[in-house]
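Okay, here's what each chain looks like letter by letter:
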There are 2 protein chains.
Amino acid sequence: YPILIRFSFYLFEILRLNEDPNVQGLALDLPESLYSSKVLNAVKPEKDVDGLSSVNLGRLVHGDVSDCLVPPTACAVMELLEDIVGLLCGKTVLLVGARGAQGAALQSVLQREGAAVLSCPWRAPQLQSELRHADVVVFGSTKPDDVPVSWIKPGATIISCNMVKNMERWIQSQQYRKWDLHCLKLQPLSPVPSDIEISRAQSPKAVDVLAKEIGLLTDEIEIYGQTKAKVRLSLLERLKDQPDGKYVLVAGITPTPLGEGKSTVTVGLVQALTAHLNINSFACLRQPSQGPTFGVKGGAAGGGYAQVIPMEEFNLHLTGDIHAITAANNLLAAAIDARILHENTQSDKSLYNRLVPVVNGMRGFSAIQLARLRRLGINKTDPETLTEEEISKFVRLDIDPSTITWQRVVDTNDRFLRKVTVGQANTEKGFVRQAQFDIAVASEIMAILALTTSLQDMKERLGKMVVANDKKGEPVTAEDLGVTGALAVLMKDAIKPTLMQTLEGTPVFVHAGPFANIAHGNSSVLADKIALKLVGEKGFVVTEAGFGADIGMEKFFNIKCRASGLVPSVVVLVATVRALKMHGGGPNVTAGAPLKKEYTEENLQLVADGCCNLQKQIQITQLFGVPVVVALNVFKTDSPAEVDLVCKMAKESGAFDAVPCNHWSAGGRGAVKLAQAVEKAANQKNSFKYLYSLELPIVEKIRIIAQKVYGAQDIELSPTAQSQVDRYTQQGFGNLPICMAKTHLSLSHQPERKGVPTGFILPISDVRASIGAGFIYPLVGTMSTMPGLPTRPCFYDIDLDPITEQVKGLF
Amino acid sequence: YPILIRFSFYLFEILRLNEDPNVQGLALDLPESLYSSKVLNAVKPEKDVDGLSSVNLGRLVHGDVSDCLVPPTACAVMELLEDIVGLLCGKTVLLVGARGAQGAALQSVLQREGAAVLSCPWRAPQLQSELRHADVVVFGSTKPDDVPVSWIKPGATIISCNMVKNMERWIQSQQYRKWDLHCLKLQPLSPVPSDIEISRAQSPKAVDVLAKEIGLLTDEIEIYGQTKAKVRLSLLERLKDQPDGKYVLVAGITPTPLGEGKSTVTVGLVQALTAHLNINSFACLRQPSQGPTFGVKGGAAGGGYAQVIPMEEFNLHLTGDIHAITAANNLLAAAIDARILHENTQSDKSLYNRLVPVVNGMRGFSAIQLARLRRLGINKTDPETLTEEEISKFVRLDIDPSTITWQRVVDTNDRFLRKVTVGQANTEKGFVRQAQFDIAVASEIMAILALTTSLQDMKERLGKMVVANDKKGEPVTAEDLGVTGALAVLMKDAIKPTLMQTLEGTPVFVHAGPFANIAHGNSSVLADKIALKLVGEKGFVVTEAGFGADIGMEKFFNIKCRASGLVPSVVVLVATVRALKMHGGGPNVTAGAPLKKEYTEENLQLVADGCCNLQKQIQITQLFGVPVVVALNVFKTDSPAEVDLVCKMAKESGAFDAVPCNHWSAGGRGAVKLAQAVEKAANQKNSFKYLYSLELPIVEKIRIIAQKVYGAQDIELSPTAQSQVDRYTQQGFGNLPICMAKTHLSLSHQPERKGVPTGFILPISDVRASIGAGFIYPLVGTMSTMPGLPTRPCFYDIDLDPITEQVKGLF
């Protein structure tokens, strides 16, 4: 009696069945799951009907039929169906005796997968004839023994279970799970200790516990040590019908060189929402570059009592994403130069013989070579049939070395790599050229990681990256170099967001950290999307945009939201009295130097004058139709009158609300009012819109940003910039969004012009493109893509205690 | 009644105590353990006497006294003692009523920690007076309520438990655990599929299951995904009294460019030992560089049915160790150039002001700066008191740029970085210099990782690395640059070996992979040491040395074994009929080209002639006093007569045994005879000795290796080499072992000379030093430290299926 029982299930289920006296034996057909050995060890020998010790478990292919008779639970059967739904498209599935709401639910799932679903009550007269046509038969509450085998179509898949009873439970297990979050308590000290001391003083929850609390399934996470886990993208499929939560962006006014504390607000806000107001929330943050960590800046996990912990993990290798980007970026760079060398030193024939070698007497194109042939219009698959001209077209990318835009990267502040000459060894036969190294986070691959929406999408974007032009001026891509698949392989784990937690035990995603000047400076679309599903309809996802609202927020809306399709609910605009005083005419603020007294004593006039910048940034936000809440990050030197003044002026300027915050010294408790204001604002009407249409010419899009956002009178393109615009337009890249590369220290291009500069002409010195990431980036002045080490880098204070293994001095 | 109850314990213990009706409440004092949140969630509210929701658990400092009364188990008390033993040195500990063997064991533990231990029976007349003097009182089987509080010294730590009953169980839990290994079954297919297909066809055990099977405690591993885990070095302390297992080195004869399959033998041998002979064993392998994986060579996880799985994880980022090395290496490189620039562009005073800045009105040296002052003979700690001359000495490293030996690295085959000019941007003010990039595994930091024995030792070695000379010819170190601590922080996780498994589910450590030419080409000392404890006295640890025995094995004995102090039991010498025929005069063997018929048809004469190389390599092994077993890696084209001939000649040449192996096609079953021979050989008398004394002059040590190992008539140093030798000797580095950088394709320096060349003079073109790793490396000819990409790199075939997430074409 041929019965196919196939179900994958989790350990606890086996353990339960082990103890069930009604279960005589267990037959398993596992998918290629990593749990198989756990499962293998779990089945009691006396119940092992497969002879698990002699069967290679993971390898039974869908379609095999075993003759084991097992009473599976409905739960397992549903998991089975999940395994084979991909195979059901076009098949006829007969449900026998699957009644009521559960039967209907099953039916709809199967139909969604493209199966033709028939339903038949048990012992109905038509059963015998229906069975003849079914490719898959699912028995509901009945025993299959009651059905003569002769009734069933040969080769059909048969599933038997008491489905009706338990299916509901299974369906629920696959659906959205309410949070059951245990928050960590804080007892803030005064004065506030150093960031690393605060971080170390709190014991984070084990990350698997956190994952379970927020409704992640066991097989949706990959643990990295005790406090970090990657989350699989499969969750997006499981929860695709779950409504998204509210989406909050934290942006800032034009900052001082000391920063205004956007990350701290982001973390403080989620601590307040979740640990104090009991509202689900997620912070989605950028992964910091290791370069600045050891250089000038130190770590970047928030600060004070609003931090991600453990902060040393956050700031060091994390789960290796930036290292993966470095590896992928540099493989592509090596491929470019090596290819030029090989083309320069070999004939067409010899190139062809090497690119398409005879292996075991056979010669064949690889998949990526066939794709290139198709792009070249050569529709041949037999390497022997190409004409000489076709061979030449195929083997020669003919890269013009002077047009190479793809640079090597390191995740180190190494100023001596800003401009280098490569290829000077004799082995490179004189093919030297000038090149540069960027910091790893400036790689286009980082921008892609931040904007991609799936593995498939990432692979396509990686292939589309333009690295140079050929001698005819046509773009040469990573795909042309044959390296797309290898890049995707190197990035396969980096695409999964990393789960961590705040000081108060609320969840955080850390994922991607593209440079905010030449790229868009926002954390990943995927982390936001997953978090929006996990928090549930009434929850909040809070993410952050680099630099001031004129830069980071503008890119968030016009680039990131366009890529994701997500609609933001609220913008939180972070301001400090310090920065406002600077905009009001206060003296220079310089990192490392002590603050002048204007900043440490009350000065209402400076504050009032500086609020023009806040007002302008509020207006910029309103261009996008999203309500804005101002968060005033309060320092201990700010007077109550100064704080009140800012809040008053912010509200007068159109902010939905303006709230002083003390999360740095008090944790989430210090941001409760902000959280309440954000919650209210999220329920406001929202008329989100992009600033420009993609269909406009590149120059027009740049002008709209310059005028409407920066307040420029007009723009002026250098001849280089204009010719680049013409080239990109001609190459078909004119419809991409714009990613401005401009100083963040002023609304204008001149960092010293504080407040709200007007009447300036924004000079566009050059225009470049990240085709894989999908944007054009005009350069307003020169943008350094490689920081340097100062005379006394942070690393002087960084140390490791070899006994306790604790990191010291990271901040 | 002041009682200090402090114990850290695991989840199950809490869960058990939750259910124990005799336990009225639980008070916890957790160390800064990552399990705290699990624990926090576990305690039932009704038993929570700490008010866990209002106490910051991890922060109670040793020495606090709480007034909670808890009946802890003896197990917990022992864990408590373990927590505080570090604080017991010099303290008086009184054991009250701790009797018998358990009491004695406790006493010896405490004494080992430097405590003065008194013991007193319960109700003994002297109890009252003893209690007055005790800093710590441990009550055995009694209730502390019976002792008047007035008897006890104020501030004393008091521990109460029913220790006698359960202590034995606790001690056992901390000791060596027998393996309970579940091996995975293999069903080898014929013909043998590709490596990646074989790897994917097997479902690995979850790594936490494997870890438990081989006796690792839960807190000794850090899981990275489902199939990899790092193992903490604390295990070495826990099992320090456990005798080591047998230590087996796999080396090879002089290879063809195709390799002879040493990794495959290593993996096959442990599969045979453990899965087929039921003897504990561990393979310790090198982590491969990603460069060759995407370049020419493909992956390196063994091959066929003797592999480490999942092979794509093994070959890609693994747990990030090589990325950590890259980051550390390049931070140091950036620090060198930045320092030269800063010294060249600033006055002494301005350098000093920046290096020792005023922070919050105070000026202080960092720890690493104080250490530098001491090395300079300046015994001052107040920055204001240095003389101008002292300031100048302190701030100027005065690096001579022409002597910089520290190079940047990438883990990519990037030939265009073999020679570069750096510093060409205007911001570097003309301080250009020529430099090079090496492949990451050629970094001295990789050699250090492979040779280090502890975190403390690694930190010291990192600090000692010499990166250049100053203008007076004195060595400049990483410590001088102030970067030691930062390097150690970057390497803090890399120092932990990564646990994986073979195709048959036996354990493997993957750790470190130093270049086999300019470094010593052996996996890590730490992995070997941990594995030797884990396998137990009768178990086997099998590791591998790069290249032929003349290179990898010689370095294994003279460098690695010297660093570790470990004594090898057996050498397995891998040979193939193919390589022997080459040595017998067969035509050239080239990667990529089809094999000539001499290699695919029987030719006993070539084999017989080529056995001279095997004989010589056997003799080299015997120089070190270790028994040698020849493993003949059988290919399907080898005739039985050829196989028999090799085995016969090997035994005649002094091998303990010689065995044909078929693990590639058959898995461990194909190496059972080899395993049996190795086991027998391991019980032979062993008279291991180093080849030379470290006290000999550098040149003398080089000559001994050249003559005794390579068979050279003599050596000849170039003037450069001689002056380097003189310099290192004068700098005090003359007593380091020698790490020869010589071609592996011949016993001589000329790759084309096969068999056993004689009468040659070995030319030493240059001599360099890795002071942190601890060896001098003479260069015999030029050694490339950066491979290149071929015209058709492996990456053409590598791809990722975006739906199944499976890697394709990696091999």
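Residues numbered from 1 in each chain as written. Chains lettered and ligands numbered in written order. Predicted model: local features only at pLDDT ≥ 70, side-chain atom pairs only at ≥ 80, totals over all residues. Heavy atoms only, no water.

Per an unreviewed UniProt entry, chain A is named formate--tetrahydrofolate ligase, and its organism is Corvus moneduloides. Regarding chain A, the relevant UniProt record gives this comment under Subunit (unreviewed entry): "Homodimer." (UniProt positions renumbered as here; feature names shortened; annotations may be inferred.)

A. Structural view of the overall build of chain A. From N to C terminus, chain A includes 29 helices and 30 strands. Within chain A, buried positions represent 63% of all 811 residues. Within chain A, contacts between residues at least 6 apart in sequence are counted, and of these 74% link residues at least 24 apart. When the accessible surface of chain A is split by element, carbon and sulfur atoms take 51% of a total near 29300 Å². (Helix = DSSP H or I, 4+ residues; strand = E, 2+ residues; numbered from the N terminus. Buried < 20%, exposed > 50% of the residue type's maximum accessible area, 1.4 Å probe, protein only. Contact = heavy atoms within 4.5 Å. Areas by Shrake-Rupley, 256 points an atom, 1.4 Å probe, with all protein chains shown as cover.)

B. Geometry of the pattern of salt bridges. As enumerated under the stated definition, the model contains 72 salt bridges over all chains in all. Note that Arg 375 of chain A and Glu 479 of chain A form a salt bridge whose closest N and O atoms lie 3.6 Å from each other. Of this pair, Arg 375 of chain A sits in helix α15 (residues 367–375) while Glu 479 of chain A sits in the loop between β18 (475–477) and α19 (484–490); the two residues are 104 residues apart in sequence, bridging distant segments of the chain. For the salt bridge of Arg 408 of chain A with Asp 414 of chain B, the shortest nitrogen-to-oxygen distance reads 2.5 Å. (Salt bridge = Lys/Arg side-chain N within 4 Å of Asp/Glu carboxyl O.)

C. Region of the structure containing the relation of the copies chain A and chain B. Between chain A and chain B, which share one sequence, the superposing operator has a rotation angle of 180° and an axial displacement of 0.1 Å; the RMSD is 0.2 Å. Taken together, the turn and the small shift mark the pair as related by a two-fold rotation axis. Nearest to the rotation axis, the C-alpha of Tyr 224 of chain A is located 2.1 Å from it, this being the minimum over chain A. (Least-squares fit on C-alpha atoms with pLDDT ≥ 70 in both.)

D. Spatial organisation of the interface of chain A and chain B. Residue-level contacts link 110 residues of chain A with 110 residues of chain B. When chain A packs against chain B, close to 9700 Å² is buried across both sides, 60% of that on carbon and sulfur atoms. Looking at the side of chain A facing chain B, the largest losses of area belong to Phe 416, Thr 791 and Tyr 796 of chain A, adding up to 9% of the total buried there. Linking chain A to chain B there are 10 salt bridges. Note that Asp 799 of chain A and Lys 459 of chain B form a salt bridge whose closest N and O atoms lie 2.9 Å from each other. Taken together, chain A and chain B are joined by 40 residue pairs in polar contact (both at pLDDT 80 or more). Here the side of chain A that touches chain B gets 12 residues from one element, more than from any other, and that element is helix α13 (residues 321–345) of chain A. Across the side of chain A that touches chain B, the residue classes break down as 46 nonpolar, 35 polar and 29 charged. (Buried area = accessible area lost by both parts, 1.4 Å probe. Polar contact = N/O pair within 3.5 Å; in protein donor to acceptor, adjacent residues only side chain to side chain. Nonpolar A, V, L, I, M, F, W, Y, C, P; charged D, E, K, R; others polar.)

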